[in-house]
Amino acid sequence: MPAYDKSDLERRMAGAVDALKHDLGGLRTGRASTTLLDPVTVEVYGSHMPLNQVATVSAPEPRMLSVQVWDKMNVGPVEKAIRSAGLGLNPIKDGQNLRLPIPDLTEERRKELAKLANKYAEAARIAVRNVRRDGMDSLKTDEKKNVFGEDERKRHEAELQKLTDKTVAELDAAAASKEKEILGK
């Protein structure tokens, strides 16, 4: 069976695009959104877990998030994780609840968020390039195993490069759109 699987590579590249859109959805643009805390992982029970697996996140007001921690032993680690997530939020403890007032975005904060959006986009581009590299490797393996010849390999490589270019363009467009939204231009 050939090692090269175009549909698997397409699926993995699409996954990188979805992951970027999910990460960008977590970057705030001035309103409280529960997706803002999606990238936060908390170190509890000896492992890193997404925040939504240890607490309930809600937006009771347009400029406030509420995090209800299920196990009171985890309130400290959740608070620490939110503070160190680089989101510019300072949790206020209220028993097993954490209240997160959403501050107005300063120009400096907007620039930081735009940089963060670009960092997410770069991570997604790296993921896509890794998928491309895996595809190229499997093509060379298949050629060595005589699954197909050099011409066929080159045709597949060109196809894979087109897919990579298209996916990277999609990532760049998503990042540019979010940056424009954050900077308010």
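Data block above holds the structure.
Residues numbered from 1 in each chain as written. Predicted model: local features only at pLDDT ≥ 70, side-chain atom pairs only at ≥ 80, totals over all residues. Heavy atoms only, no water.

S.K.: I keep staring at the pairing of strand β3 (residues 55–61) and nothing clicks. Help me out?
M.R.: Successive side chains on a regular strand alternate, one facing one side of the sheet and the next facing the other. Sheet topology places β3 next to strand β4 (residues 64–69); five bridges connect them, and they run antiparallel. From the neighbouring strand, Ser58 faces β4, where its bridge partner is Ser66. Linking β3 to β4, which pair antiparallel, is a turn of two residues. (Pairing = 2+ DSSP bridges. Helix = DSSP H or I, 4+ residues; strand = E, 2+ residues; numbered from the N terminus.)

S.K.: Please clarify how the environment of Val17 should be interpreted in this entry.
M.R.: Among the structural elements, Val17 can be located in helix α1 (residues 6–25). Looking at Val17, the relative accessible area reads 4%, which means it is buried. For the pair Val17 and Asp172, spaced 155 residues apart in sequence, the C-alpha separation works out to 9.9 Å. Every residue in contact with Val17, bar those within four places of it in the chain, is listed here: Thr167, Glu170 and Leu171. (Buried < 20%, exposed > 50% of the residue type's maximum accessible area, 1.4 Å probe, protein only. Contact = heavy atoms within 4.5 Å.)

S.K.: What is the right way to look at the side chain of Glu79 in this model?
M.R.: Looking at the element boundaries, Glu79 is found in helix α2 (residues 75–83). Within the structure, the side chain of Glu79 is placed 2.8 Å from the side chain of Arg83, a separation counted as a polar contact. In this structure, Glu79 is in contact with Pro91, Lys93 and Leu98, ignoring residues within four places of it in sequence. (Polar contact = N/O pair within 3.5 Å; in protein donor to acceptor, adjacent residues only side chain to side chain.)

Worth remembering: the numbers are spatial, not functional.
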